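Chain and residue survey
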Amino acid sequence: MKWRKTYAAVLLCCTLMSTALTNVSATDWQADDNQSIEILESDEDIEAQLIEDDIRAELVYEKEDRSLSMRVSYRQTGDWQTNEYQVTLLHHENDRTLAQLTDMQDGNRYRIDSASLKASLVFVPIAVVVGELLLVHLLTATAVLVIAGVTYVAASEIADTLRNQKHEFYAAYLDTKKGVYIGSPLRLSEAAARLNSKAFRTNNVWSISKSAARLVAQTAGGLRTPILDMAHGPYPLFMPHFHRFDRRGGHSFFS
């Protein structure tokens, strides 16, 4: 069963001129009154939904494979037209979101960049504006980061689910203000190599158990006995972890 959460947002609504709704100049759009975006969550997915008189849009995040898809329907000359898009996240951190929309019908690709000014463009498909609006709200609600094309989800949101999966080791990203984020599954050799990296935020690994986390640090340290550190503060911002025997490299987290 899905729970429902509503966000207030300003949607750039289209005041139609003589062109089609999907190809209206961004400068012809005006900020409407506060609109609402609903976030619906089930065990399988999270959906950001916008419903207005002349436009309906849904952006769906599948939890298991961390994929995104979007459907945008709009009323044109009395009839409804629907476009479906595959959404590829490229980057999402702090106030910057980059993504690519691929139209599933004609293969056309559009870029979302929350840092760019759409008014500087001659024509912007409505899917780009609506997609950005939904994407930012959905990613905020799901505590997601995307670094160099890799999607990381806050450990507090996903750790319990991953313990029931077949993989033991996962890439982790450490945000010193927000905590640990969990990324893609790794083999033991990949996890050990990641832990040995010098890149502070990305040389971290999360494992489904204490023994698995210890194994990563031990393997990274040439089988020497790793060092255990308890969490330096409250969960989920802090987690217990292992270091290599000499504390070089990153953290081998577990929770």
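To be clear, the structure that these remarks concern was listed above.
Here goes a summary of the coordinates provided. Since we're looking at a predicted model, the values are computed, not measured. (Residues numbered from 1 in each chain as written. Predicted model: local features only at pLDDT ≥ 70, side-chain atom pairs only at ≥ 80, totals over all residues. Heavy atoms only, no water.)

One ladder, built from eight bridges, connects strand β4 (residues 55-62) with strand β5 (residues 67-76); its direction is antiparallel. When the bridges of β5 are listed, Tyr61 appears paired with Leu68. Counted between consecutive antiparallel strands, the loop separating β4 from β5 contains four residues, among which Arg66 sits at a positive phi close to 55°. Looking at chain direction, β5 and strand β6 (residues 79-93) are connected through nine bridges and run antiparallel. Residue pairing across strands places Ser73 opposite Thr82, the latter belonging to β6. Connecting the antiparallel pair β5 and β6 is a turn made up of two residues, with Thr77 showing a positive phi of about 50°. (Pairing = 2+ DSSP bridges. Helix = DSSP H or I, 4+ residues; strand = E, 2+ residues; numbered from the N terminus.)

Here His241 lies in strand β15 (residues 241-243). According to the relative accessible area criterion, His241 is buried, its value standing at 1%. Counting along the chain gives 27 residues from His241 to Arg214, while the straight-line C-alpha distance between them is 8.1 Å. What His241 contacts, discounting residues up to four positions off in sequence, is Ile227, Leu228, Asp229, Met230, His232, His251, Ser252, Phe253 and Phe254. A distance of 3.3 Å separates a polar atom in the side chain of His241 from a polar atom in the side chain of His243. (Buried < 20%, exposed > 50% of the residue type's maximum accessible area, 1.4 Å probe, protein only. Contact = heavy atoms within 4.5 Å. Polar contact = N/O pair within 3.5 Å; in protein donor to acceptor, adjacent residues only side chain to side chain.)

Residues Leu59 and Trp206 are the most contacted members of the largest nonpolar core, which totals 43 residues. Apart from the residues lying within four places of it in its own chain, the contact partners of Leu59 are Ile46, Glu47, Ala48, Leu68, Ser69, Met70, Val87, Leu134, Leu135 and Leu138. Among the nonpolar cores identified, the runner-up in size contains 20 residues, and Leu145, Ala171, Ala191 and Phe254 belong to it. (Core = buried A, V, L, I, M, F, W, Y, C linked by side-chain atoms within 4.5 Å.)

Within the span of helix α4 (residues 210-220), buried status applies to Ala212, Ala213, Val216, Ala217, Gln218 and Ala220. Where α4 ends, the next residue or the one after it, Gly222, has phi of about 65°, a positive value.

Our next topic: unusual backbone geometry. Backbone geometry places Leu223, a non-glycine residue, at a positive phi of 75°. Locating Leu223 in the fold gives a position in the loop between α4 and β14 (227-229).

One pass over the full model with this rule turns up three aromatic pairs. For the pair Phe242 and Phe254, a centre-to-centre distance of 5.8 Å together with 35° between the ring planes defines the contact as tilted. Taken together, the positions of Phe242 in strand β15 and Phe254 in the segment after β16 (252-253) put the pair twelve residues apart, joining distant regions of the chain. Taking relative accessible area as the criterion, Phe242 reaches 4% and is therefore assigned buried. A relative accessible area of 9% places Phe254 in the buried class. If you follow Arg224 out to its NZ or CZ, it ends over the ring of Phe245, 4.5 Å from the centre. (Phe/Tyr/Trp six-rings, centres within 6.5 Å; stacked < 30°, edge-to-face > 60°. Lys NZ or Arg CZ within 6 Å of the ring centre and 35° of its normal.)

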